[in-house]
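Structural features, examined
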Amino acid sequence: GLSHWVADLPRTPDTNTIEGSLRQHLLNLLENVGRLLPNRWIGVKRWLYLASNLVWAQRLLTEADIEPPEQIDATLKPIFSLPLDERSKRLEQTPYHQYLSTSSPFDRWLSDFTASCPSVSGREAYVLRRLNMIILRHRTRLLDLRKQATTNNIVDLAAQWRLRDELANELRGLIGGDPFHVGLVLIYCLLELLQYERCRAFLVARSCGWERPEILGSTA
């Protein structure tokens, strides 16, 4: 299930090569999913587009020498050539500031899902309601784990990956039973994002010499 994320990696990649390759695959994934959505789903298209570029916006704050991918948001592209200490102020003028100004940018991004969806009915409405509930519950559980980690000064990685496995199983439970509807595109996208996260964590851990077998778990 992870092979397509690593197909173009060299035999012994360094951490930067791994990160760059996976982020490019992520950008391509979200761009392709956006193309599959009908025009009236423009809010969700924009939501996905922001996520694909948010990865690069985060890197702008921490990495001095970084080359933008070809598909990067035009509002971000000029910032890549600025000195590191000038980028934060320029990012405040972009849509990414609302996420970067929080401690967990992608948690904040997830919370925008409901407002991004169009008005739908029937099976599609049911799936989107369930999808929104599942996403928000997962976000709440992750935040609770992070609070516990701050209080106890112990990060329970195994528990975090168990939550991700539970999310994946709940998403798969929404598939099937009816003809195709747009909600399935979003479910596919979220399942792929979970695989991206798992693959990235495992490869970066191995590249840095860390032993983290709990990352792969039972769904690898």
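The structure under discussion appears in the preceding block.
Note that the coordinates shown come from a computational prediction; the quantities given were computed from them, not determined experimentally.

A closer look at the environment of R200
If you trace the backbone, R200 turns up in helix α10 (residues 183–207). Through-space distance from the C-alpha of R200 to that of L2 is 10.0 Å; in sequence the pair is 198 residues apart. Not counting the four nearest positions on each side in its chain, R200 is found in contact with E19, L22 and R23.

Notes on the nonpolar core
Buried together is how nonpolar side chains tend to be arranged in soluble globular proteins. Counting 59 residues, the largest nonpolar core has L48, L76, W109, L131, L171 and L186 as the members making the most contacts within it. Mapped by element, the contributors of at least two residues to this core are α2 (15–36), α3 (42–60), α5 (97–100), α6 (105–110), α8 (122–152), α9 (157–172) and α10. Top contributing element to this core by residue count: α10, with 13 residues.

Considering α8
Along its 31 residues, α8 runs 45 Å from first to last C-alpha, staying within 8% of the 45 Å computed at 1.5 Å per residue. Listed as buried for α8 are E124, A125, V127, L128, L131, N132, I134, I135, H138, L142, L145 and A149. In this structure, the buried residues of α8 make contact with α6, α7 (113–116), α9 and α10. At the exit of α8 stands N153, carrying a positive phi of roughly 60 degrees.

What counts and what doesn't
- By convention here, each chain's residues receive numbers from 1 onward along its written sequence.
- Selection of residues for local features in this predicted model requires a pLDDT of at least 70, selection of side-chain atom pairs for listing and counting requires 80 or more, and totals for whole chains, interfaces and linings are taken over all residues.
- Side-chain numbers here rest on the full set of heavy atoms in the structure, without hydrogens or water.
- Numbering of helices and strands runs from the N terminus; a helix is a DSSP stretch of H or I covering at least four residues, while a strand is a stretch of E covering at least two.
- Throughout, a contact is declared for two residues whenever any of their heavy atoms are within 4.5 Å.
- Throughout this description, the term nonpolar core refers to a set of buried Ala, Val, Leu, Ile, Met, Phe, Trp, Tyr and Cys residues connected via side-chain atoms within 4.5 Å.
- Burial here depends on accessible area, computed with a 1.4 Å probe over protein chains only, as a share of the maximum for the residue type. Under 20% is buried, over 50% is exposed, and the range in between is partly exposed.
- A helix is expected to span 1.5 Å multiplied by its residue count minus one.

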